[in-house]
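Structural features, examined
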Amino acid sequence: MEYTILILILPFLSFLILGLADMRMKNGLAGAIGTASLAGVTLLSYLTAFQYFMRGRTAEGVFPTLMPYNFEWLPFTTQLHIDMGIMLDPISVMMLVVISTVSLMVHIYSFGYMKGEKGFQRYYAFLSLFTMSMLGIVVATNIFQMYVFWELVGVSSYLLIGFYYTKKEAIAASKKAFIVTRFADLGFLIGILIYGYYGQTFGFTPNFGPHGELASNTLPALALGLMFIGGAGKSAMFPLHIWLPDAMEGPTPVSALIHAATMVVAGVYLVARMFPLFIGYAPEVLHWIAYIGAFTAFYAASVACVQSDIKRVLAFSTISQIGFMMVALGVCTSTDPHEGGLGYMASLFHLFTHAMFKALLFLGAGCIIHAVHSNEMSAMGGLRKYMPVTHWTFLIACLAISGICPFSGFFSKDEILTACFRFSPAMGWIMTGIAAITAFYMFRLYYGIFWGAEPDRQLPANEGTHTAHTPHEAPLSMTFPLLFLAAVTCVAGFMPFGHLISSDGQSYTIQLDKQVAITSILIAIVSIALATWIYAGKKQPVADRLARTFQRMHTAAYHRFYMDEVWLFVTKKIIFRCISTPIAWWDRHVIDQFFNFTAWSTHAASDEIRDMQSGNVQQYSIWFLAGALLLTLLLLV
Amino acid sequence: MDLIAILHMHAELSLTAVFILMFLLDLFLPTPQRHRLRPMACILLALQLLANLWPEEVIAFGGMYHSTPIASVLKSVLTVGTLLVFLQADTWLQREDTRYKQGEFYLLTLSTLLGMFFMISAGHFLLFFLGLELATVPMACLVTFDKYKGHSAEAGAKFILSALFSSGIFLYGISMIYGTTGTLYFDDIPSRLVGTPLQILALVFFFSGLAFKLSLVPFHLWTADTYQGAPTTVSAYLSVISKGAAAFALMAVLTKVFGPMAGQWSQMLCLVIVTTITIANLFAIRQNNLKRFMAFSSISQAGYILLAVLAGTPQGMASLVYYIIVYIAANLAVFGVINAIEQHTHGQIEREDYNGLYRTNPKLTMVMTLALFSLAGIPPFAGFFSKFFVFMAAFHSGYYLIVFIALVNTIISLYYYLLIVKAMFIQPNEQPIGHFRTTVPMRISLLVCVAGILVLGILSGVYQLLNDMSLL
């Protein structure tokens with residue numbers, strides 16, 4: 001399967017071409033090149049997936065791990081070296097499909113959404129770079145290669161979020177995203193170094209001592225825990241989630257790409273990739289991941305209930321769903337799917353389905369924003385009449401994320417809940433409750449956009465530039481991705497996911513746990529009904545009364561429980577004032593002065609010896625001879 | 001005597017063939033066809049490269065000639081470097097006062113290259129000396145190539161007088177070796193070296209002879225005057241090719257022949273390295289003439305190369321060759337830019353002339369900046385890795401203090417390299433050098449250099465390959 005190298009090369013080439021040509025290229029051509037290369041990647045990914053799963057299993061009943069390419073890049077010792085290559089195993093192949101599909105949809109969608117924007121070419125160049133880096137993460141043959149592409153994802157997401165670089169909020173958001181994830185990556189890097197040093201490899205099968213002496217040590221657990229911090233940063237786990245809501249300042253298709261299918265699930269992928277090690281060396285770290293995931297899921301869901309900016313609602317819902325995936329991984333206790341390893345499959349299944357329906361939601365939100373020129377829910381309402389395609393696809397996605405049968409989200413969420421119940425009933429009930437909140441806020445969003453009172457459209461929405469007009473359906477380039485993703489969302493749940501991916505690689509047949517399934521559907525329906533009761537009408541007396549009664553809580557949740565303020569306090573008041581200021585003083589007065597002194601003494605010395613270079617050949621010869629004799633003298637004495 | 005052995009000396013034989021062909025072309029090519037000399041020289045040299053593509057171990061004439069795989073790699077590297085110099089010489093050799101003798105330029109350069117080849121793979125001091133002389137005497141003619149112009153004649157005189165002096169001392173050293181050991185074969189000498197005072201004197205005299213070529217302090221004083229006076233192309237050639245060959249030969253002889261006296265020569269090298277790097281840096285700071293500046297820069301670079309010699313290990317040998325490759329790329333890029341600007345403006349080579357160059361010639365400025373960054377050893381350019389490997393080699397052999405002093409000196413060198421970058425980018429200038437396009441050969445050579453600077457560091461395989469070869 002040597003052609004897999006093209007999956008990385010194509011987007012990179014497209015990045016180079018678009019990036020170098022930049023404004024000299026026509027918009028349409030730039031978009032066409034970017035999209036064509038991505039279409040190529042998508043086809044190749046499908047081909048890879050098809051061939052890979054059709055090759056069949058080995059004698060042990062697992063799909064083999066293939067490495068079509070792997071070359072040694074930086075050798076340190078005979079054992080420890082950094083490689084670059086391509087690795088194919090069930091999860092990397094699955095991720096290839098997810099990333100390329102969503103990215104292709106975003107590429108097509110952007111034709112319509114970004115039409116006429118300044119920097120269209122740059123936009124497509126960055127998209128290509130981002131896709132390339134993300135694909136690089138999933139096919140990495142070792143943790144270090146993963147880290148290299150991981151950082152590339154960080155850089156390219158920075159570029160994409162800050163795409164509107166004349167907008168102050170966008171600049172701040174891109175910086176925030178970069179710094180927060182970079183801060184988390186520090187943990188990742190330290191983890192990698194510990195892992196490499198003690199495990200004597202950067203590969204995924206370490207060697208902790210000849211008889212595993214170090215395995216019983218806390219070192220592997222420490223390394224894996226630190227790596228998870230990196231994953232938590234990218235996957236926006238509490239309290240490192242603060243960058244994600246702000247990152248909505250980027251163009252909406254970018255949000256669909258970054259915050260649905262790719263960058264934010266990198267952390268989940270990382271944990272899944274290191275899963276055998278977590279089980280083997282650090283099961284307790286895995287449980288901590290579960291607790292963090294559960295708390296994040298709850299926190300984000302509660303914040304999502306009161307946001308009024310539709311992209312922010314989706315952002316928090318993403319954080320919450322990523323929390324679900326982390327929980328599913330965290331509740332695993334063994335690699336056997338029948339004995340507590342179910343969560344692994346459930347998590348990746350949810351990753352797959354969530355990528356599709358969340359991309360659909362974001363792209364749908366993009367259509368809506370495109371139509372009403374605002375992110376605020378107050379500017380929407382009653383849009384179902386004007387935008388039928390967007391309305392129906394959005395509804396499908398909402399049903400899927402709420403876990404209604406037969407949409408894809410139902411199946412994957414059901415597996416997650418089953419895994420949680422097997423871990424402990426408490427965890428199961430907590431996650432079921434969060435799932436109920438999910439259904440509630442998603443339908444609050446849905447009713448707020450498509451039902452309810454229409455705002456007064458006679459007022460100009462944006463002074464001068466956009467005259468008020470009735471909203472209309474988006475062009476085909478934007479609705480096609482919606483329809484495609486909606487179709488996937490409808491059928492993806494029926495795919496035999498357990499046959500392809502499971503924690504021990506053996507084929508696993510998904511059985512719906514009837515009890516869990518019925519409970520979760522019932523609870524979801526109740527939540528939806530509740531949301532309908534509160535939000536579907538033209539006037540919303542219940543909602544207003546609730547907000548008044550619990551005003552404190554409402555305000556706190558609206559301000560995301562002041563997490564940003566906490567971080568600001570920690571950085572500005574504590575770190576800057578108590579640590580940075582003294583260091584700055586030391587730097588300015590001691591370090592700088594030392595170098596000033598060096599410079600001064602160098603110049604002085606230089607002045608002293610200038611006579612040596614007199615220009616007289618006779619004198620040169622004397623120096624020559626003197627030097628030779630001096631050296632002789634030195635050696636003889 | 002087995003005369004067939006001569007056939008095994010691919011590199012030297014093919015280079016001689018190129019030389020003879022060029023000689024015949026120069027003699028018999030009619031005047032209207034003479035512009036064909038330039039492409040012919042480049043093509044022939046490229047073909048010669050093919051003859052030397054497969055590195056192998058060759059011993060001929062009873063050990064008089066001994067070529068190792070790593071030596072043939074270096075020969076290829078030097079040939080590529082010479083090819084780049086030929087490309088850069090293009091504009092200069094089209095001038096009215098040089099055009100009629102351009103054949104001589106190629107012939108003289110090729111014969112110095114041949115001398116270096118012999119020097120690199122000598123197995124006997126006599127052959128070594130002949131190679132050294134062959135590499136030196138035609139060089140003096142090259143330095144005076146612009147003999148009616150500027151300081152070229154003065155530079156040539158200073159070069160040849162200093163060279164004669166150093167050759168005399170070198171020969172004296174060899175005679176002492178013969179006197180104390182009774183042989184000049186490299187293979188036989190080590191067993192008879194015991195470190196008597198006379199042998200120490202021989203070692204120092206031998207070393208001074210090569211130190212002259214490498215321009216180490218205090219044998220370096222000719223360098224600045226010669227570089228400044230010589231045509232820029234010749235300075236470039238002197239600074240990289242000649243220096244690379246001498247460094248390799250020095251390391252080969254010190255480890256192979258003077259192995260038993262390693263205690264003595266490492267002591268000597270330590271002193272010379274520290275003084276070379278430091279004094280060259282101190283002088284480089286005050287230079288405004290870019291060619292003089294590059295002279296001192298190349299002296300300090302030679303000091304860094306010596307760190308690899310000091311290590312005296314196979315790792316040192318690999319890092320030495322790697323350093324030479326990277327150094328050739330970076331230094332030839334700098335000299336190429338200096339050359340292009342000098343030819344375009346008829347002689348502007350002061351640092352002030354470069355003020356504001358970025359506005360008018362952004363591409364040349366970028367090339368120059370990259371090359372200077374590489375020389376200063378800023379990651380991720382190749383120069384960083386070459387310095388890193390050299391330091392590692394010396395570090396592994398236990399010379400911590402020397403490595404530390406060298407590291408401090410890289411900071412000083414950063415200052416003066418950045419002075420030029422600052423001049424080009426930041427210093428305002430009312431009348432910067434106007435925009436111009438360089439010739440195609442020059443652009444090719446600069447492109448190759450830039451590729452080398454950017455790629456050599458990232459491709460770890462290059463160093464790995466050299467390391468494997470020098471282990472043999």
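Residues numbered from 1 in each chain as written. Chains lettered and ligands numbered in written order. Predicted model: local features only at pLDDT ≥ 70, side-chain atom pairs only at ≥ 80, totals over all residues.

**Quick notes on the overall build of chain A**
For clarity, the cut-off: Per the convention used, a helix needs a DSSP run of H or I reaching at least four residues, while a strand needs a run of E reaching at least two, with both numbered from the N terminus. Exposure classes come from backbone-placed C-beta atoms, where a residue is buried if 20 or more other C-beta atoms lie within 10 Å of its own, exposed if 12 or fewer do, and partly exposed in between. With C-beta atoms placed from the backbone, a contact is any residue pair whose C-beta atoms sit within 7 Å.
Across its full length, chain A carries 24 helices and 2 strands. The principal-axis extents of the C-alpha atoms in chain A amount to approximately 105 × 70 × 50 Å. Classification of the 637 residues of chain A by burial places 49% in the buried group. Taking all contacts inside chain A whose residues are at least 6 apart in sequence as the whole, residues at least 24 apart take part in 79%.

**Brief notes about the overall build of chain B**
Selection rule: Within these notes, the globule rule equals 2.2 Å times the number of residues to the 0.38 power, and the radius of gyration is based on C-alpha atoms.
When helices and strands are tallied, chain B shows 20 helices and 2 strands. Expected size for 472 residues packed as a compact globule is a radius of gyration near 23 Å; at 21 Å, chain B falls within 12% of this value. Dimensions of chain B, computed from the C-alpha atoms along their principal axes, are close to 65 × 55 × 40 Å. Looking at the 472 residues of chain B, the share that counts as buried comes to 58%. For chain B, the proportion of contacts with a sequence separation of at least 24, taken over those separated by at least 6, is 80%.

**A few points about the interface of chain B and chain A**
Where we set the bar: The nonpolar class holds Ala, Val, Leu, Ile, Met, Phe, Trp, Tyr, Cys and Pro. Asp, Glu, Lys and Arg form the charged class, and all remaining residues, Gly among them, are polar.
Opposite the 30 residues of chain B that make contact, chain A presents 22 residues. Of all the secondary-structure elements, those providing two or more residues to the side of chain B that touches chain A are helix H7 (152-181), helix H9 (197-214), helix H10 (222-229), helix H12 (262-285) and helix H20 (460-471) of chain B. Take the side of chain B that touches chain A: its biggest share by element is 8 residues, from H12 of chain B. In terms of residue class, the side of chain B that touches chain A is made up of 20 nonpolar, 7 polar and 3 charged.

**Observations concerning the nonpolar core**
Put simply, the rule reads: What we call a nonpolar core is a set of buried Ala, Val, Leu, Ile, Met, Phe, Trp, Tyr and Cys residues whose membership is set by joining through C-beta atoms within 7 Å.
Counting 198 residues, the largest nonpolar core has Val 327, Leu 329 and Ala 359 of chain A as the members making the most contacts within it. Considering each element in turn, this core owes the most residues, 20 residues, to helix H14 (residues 342-372) of chain A. The contacts of Val 327 of chain A, once residues within four sequence positions are left out, are Ala 290, Gly 293, Ala 294, Ala 297, Ile 416, Cys 420 and Met 431 of chain A. Grouped together as the second largest cluster of nonpolar side chains are 186 residues, Trp 265, Ala 311, Ala 329 and Leu 372 of chain B included.

**A closer look at the packing of helix H11 (residues 232-256) of chain B against helix H13 (residues 290-311) of chain B**
All names here are of chain B. Stated precisely, the cut-off is as follows: Structural elements are reduced to axes, namely lines fitted to C-alpha atoms, with helices fitted over the stretch in contact, and the angle between N-to-C directions of any two is expressed from 0 to 180 degrees. By definition in this entry, angles of less than 35 degrees are roughly parallel, angles greater than 145 are roughly antiparallel, angles of 65 to 115 are roughly perpendicular, and the rest are oblique. Rotating anticlockwise by less than a right angle from the far helix to the near helix defines a left-handed crossing, while the corresponding clockwise rotation defines a right-handed one.
Following both chains from N to C, one finds H11 and H13 inclined at 15 degrees, their axes separated by 11 Å at the closest point. Of the possible angle classes, the one that applies to H11 and H13 is roughly parallel. Viewed along their axes, H11 and H13 form a crossing whose handedness is right-handed. Here H11 contributes Thr 232, Ser 235, Ser 239, Lys 243, Ala 247, Leu 250, Met 251 and Leu 254 to the contact with H13, which in turn contributes Lys 291, Met 294, Ser 298, Ala 302, Ile 305, Ala 308 and Val 309. Partitioning the contact of H11 with H13 into residue classes produces 9 nonpolar, 4 polar and 2 charged.

**Thoughts on the environment of Glu 608 of chain A**
Residue and element names in this part refer to chain A. Structurally, Glu 608 is set in helix H23 (residues 563-608). Given 10 C-beta atoms within a 10 Å radius, Glu 608 is considered exposed. Spatially, the C-alpha atom of Glu 608 lies 67 Å from that of Met 95, the residues being 513 residues apart in sequence.

**Some details on the environment of Pro 90 of chain A**
All names here are of chain A. Secondary-structure assignment places Pro 90 in helix H3 (residues 90-113). Residue classification places Pro 90 among the buried positions, given that 20 C-beta atoms sit within 10 Å. Pro 90 sits 411 residues away from Ile 501 along the chain, and the two C-alpha atoms are 5.9 Å apart. Aside from chain neighbours lying at most four places away, what touches Pro 90 is Phe 63, Leu 500 and Ile 501.

**A short note on unusual backbone geometry**
As a rule of thumb, non-glycine residues mostly have phi less than zero, and peptide bonds are mostly trans rather than cis. With an omega dihedral of 5 degrees, the bond running from Cys 405 of chain A to Pro 406 of chain A counts as a cis peptide bond. Its place among the elements puts Pro 406 of chain A in the loop between helix H15 (388-402) and helix H16 (408-423). In this model, Val 217 of chain B is joined to Pro 218 of chain B through a cis peptide bond whose omega is 5 degrees. Topologically, Pro 218 of chain B is positioned in the loop between H9 and H10. Phi is positive for Gln 200 of chain A, which is not a glycine, with a value near 60 degrees. By the secondary structure assignment, Gln 200 of chain A is in the loop between helix H6 (168-199) and helix H7 (219-234).

**Observations concerning the environment of Asn 142 of chain A**
All names here are of chain A. Its location among the elements puts Asn 142 in the loop between helix H4 (120-139) and helix H5 (143-161). Overall, Asn 142 belongs to the buried group, with 22 C-beta atoms counted inside 10 Å. As a C-alpha pair, Asn 142 and Thr 602 span 460 residues in sequence and 47 Å in three-dimensional space. Filtering out sequence-adjacent residues up to four positions away, Asn 142 remains in contact with Asp 83, Phe 202, Gly 203 and Phe 204.

**Here we look at the pairing of strand E1 (residues 66-75) of chain A**
Selection criterion: Only strands that DSSP links by at least two bridges are regarded as paired with each other.
Sheet topology places E1 of chain A next to strand E2 (residues 81-88) of chain A; 7 bridges connect them, and they run antiparallel. Paired with Glu 72 of chain A across the bridge in E2 of chain A is Asp 83 of chain A.

**Quick notes on helix H18 (residues 476-491) of chain A**
Residues and elements named next belong to chain A. Just so we agree on the cut-off: Take the number of residues in a helix, subtract one, and multiply by 1.5 Å to get its expected span.
Between its terminal C-alpha atoms H18 stretches 22 Å, which fits the 22 Å expected from 16 residues at 1.5 Å a residue. Within H18, burial applies to Met 478, Thr 479, Pro 481, Leu 482, Leu 485, Ala 486, Val 488 and Thr 489. Its buried side turned inward, H18 meets H3, H14, H15 and H16.

**As for the packing of H13 of chain B against helix H17 (residues 382-396) of chain B**
Residues and elements named next belong to chain B. With their axes 8 Å apart at the nearest point, H13 and H17 run at an angle of 35 degrees to one another. Read as a crossing pair, H13 and H17 show a hand that is left-handed. Seen from H13, the contacting residues are Tyr 304, Leu 307, Ala 308, Leu 310 and Ala 311; seen from H17, they are Lys 387, Val 390, Phe 391, Ala 393, Ala 394 and His 396. Each residue belonging to the contact of H13 with H17 can be placed in one class, and the counts come to 9 nonpolar, 1 polar and 1 charged.

**Quick look at the confidence of the model for chain B**
Low pLDDT means the predicted atomic positions in that stretch should not be read closely. Just so we agree on the cut-off: pLDDT is a residue-level measure of predictor confidence that goes from 0 to 100.
For chain B, the average pLDDT comes to 89, and 99% of its residues sit at 70 or higher. For this predicted complex, the interface score ipTM comes out at 0.87, alongside a pTM of 0.74.

**A few points about the confidence of the model for chain A**
Per-chain confidence: chain A averages 85 in pLDDT, with 96% of residues scoring 70 or above. Predicted confidence for residues 459-467 of chain A stays below pLDDT 50, and this span has 10 contacts to residues more than four positions away or in other chains.

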